[in-house]
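Inside the fold
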Amino acid sequence: ARLEQQFAPGLIAPLASLLAESPDPDGALNLLERYAVGAPPDVLADLSRHPTAMTYLVVIFGYSAFLAETFLAEPELPVQFVRDRNFNKLKSKEDLMQDFARFATTSPDHWLSAQLARFKRRNYLRIVLKDVLHLSTLGETTLELSSLADVILNNALLYCDQELEKRYGLPQYRDAQGRIVRSGFSILSLGKLGGNELNYSSDVDLTFLYSHDGETAGGNEPESVISNKEYFVRLARAITRTITQVTPQGLVFRVDLRLRPEGEQGDLAISLKSAAE
């Protein structure tokens, strides 16, 4: 009865059937009332023009109280999803990298961990909706969750590497021709992420590898020349800290580093040669 005062009549009519299909109709109804009270009038008006958004609300409110908080904090999101022509698309890593670049521009945040967590939750909303509404298969769902994790790790790597490079300079070595070149670095995913089978609650099993030993070029600070190994250990530590910090949006991912060579006793980042041995 209270919702009838908030929503247009055209939205109330299908509500009963939507709730009947919900795994938690009472919880969904309670969250929907919170949404109606907190959403601006123009957003509620948009809902009446895009009734599919009501379906998205009831689905999320009935399946995940955790993800529901994102709709409550950003009430315009369901309508944005309806207007998104690529909503049903299976997004590749390249698509998600472009999405994050746009998101970082339109929703800047000096705290990278919080920005990555927000980006993850927005995409989890989209992926869960496609999953529940049978717009994607199980394989497509786990693949997209894995691609999203890859993109988040990649952006954490790029940011942390830039910050360390300012302090210590490029990690370098001499190649067979005697040229000074940058040492490479990779995040190797194991477990479910390594098999592109990540699920909604998976942690990520990671190993950090670098290509060559040597020294950094040095930065602006005194004694800023360090070994490549130390540089990459600090880089691995910074990436791990970035994605495991607790933010208002939750942490980005739980990380398990125990599958690296020698387990918890091994170095956080190891050379490719050592890993092969």
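Attention in this report is confined to the structure presented alongside it. (Residues numbered from 1 in each chain as written. Predicted model: local features only at pLDDT ≥ 70, side-chain atom pairs only at ≥ 80, totals over all residues. Heavy atoms only, no water.)

**Some details on the packing of aromatic side chains**
The relation between two aromatic rings is expressed through the spacing of the ring centres and the mutual angle of the planes. Enumeration over the complete set of coordinates arrives at 12 aromatic pairs. Centre to centre, the rings of Phe100 and Phe119 are 5.1 Å apart; their planes meet at 80°, and the pair counts as edge-to-face. Here Phe119 lies in helix 10 (residues 112-132) and Phe100 lies in helix 9 (residues 93-106), a separation of 19 residues in the sequence. Of the two residues, Phe100 and Phe119, both sit in the buried class. Lying over the aromatic face of Phe253, Lys120 brings its terminal NZ or CZ to 4.2 Å of the ring centre. The ring of Phe66 has Arg121 sitting right over it, with the charged end atom 4.2 Å from the ring centre. (Phe/Tyr/Trp six-rings, centres within 6.5 Å; stacked < 30°, edge-to-face > 60°. Helix = DSSP H or I, 4+ residues; strand = E, 2+ residues; numbered from the N terminus. Buried < 20%, exposed > 50% of the residue type's maximum accessible area, 1.4 Å probe, protein only. Lys NZ or Arg CZ within 6 Å of the ring centre and 35° of its normal.)

**Thoughts on the sheet that holds strand 1 (residues 171-174)**
One open sheet accounts for three strands, arranged 2-1-5; its pairing is antiparallel. In the strand order of this sheet, the two ends are held by strand 2 (180-182) and strand 5 (215-216), each with one partner. Bridging between strand 1 and strand 2 involves three bridges; their strand directions are antiparallel. Residue pairing across strands places Arg174 opposite Ile180, the latter belonging to strand 2. Running over the sheet, helix 13 (residues 228-244) touches strand 1, strand 2 and strand 5 and is turned about 145° from strand 1. (Pairing = 2+ DSSP bridges. Contact = heavy atoms within 4.5 Å. Axes fitted to C-alpha atoms, helices over the stretch in contact; angles between N-to-C directions.)

**With respect to the nonpolar core**
By size, the foremost hydrophobic cluster in this structure holds 75 residues, and its most contacted members are Phe7, Tyr35 and Phe61. Residue contributions to this core peak at 11 residues, all from helix 11 (residues 138-168). Not counting residues up to four positions away in its chain, the partners in contact with Phe7 are Ile12, Leu32, Tyr35, Ala36, Leu44, Leu47 and Met54. (Core = buried A, V, L, I, M, F, W, Y, C linked by side-chain atoms within 4.5 Å.)

**Some remarks on the pairing of strand 1**
Of the two faces of strand 1, only one is covered, namely that formed by Pro171 and Tyr173; the face formed by Gln172 and Arg174 stays uncovered. In this sheet, strand 5 lies alongside strand 1 in antiparallel orientation, the contact comprising two bridges. Bridging across to strand 5, Pro171 finds its partner in Thr216. Where strand 1 folds back onto strand 2 in an antiparallel hairpin, the turn is made up of five residues, including Gly178, whose phi is positive at roughly 85°.

**Focus on the pattern of salt bridges**
Evaluation of the coordinates by the stated rule reveals 19 salt bridges. Between Asp161 and Arg182 there is a salt bridge, with the nearest N and O atoms lying 2.7 Å from each other. Here Asp161, found in helix 11, pairs with Arg182, found in strand 2; they are 21 residues apart in sequence, far enough to count as distant. On the basis of relative accessibility, which here comes to 33%, the residue Arg182 falls in the partly exposed class. A salt bridge links Arg182 to Glu165, with the nearest nitrogen and oxygen atoms 3.0 Å apart. Residue Arg182 is located in strand 2, and its partner Glu165 is located in helix 11; the two are separated by 17 residues in the primary sequence. Via salt bridges that share partners, Asp46, Arg49 and Arg83 belong to a single interconnected network. (Salt bridge = Lys/Arg side-chain N within 4 Å of Asp/Glu carboxyl O.)

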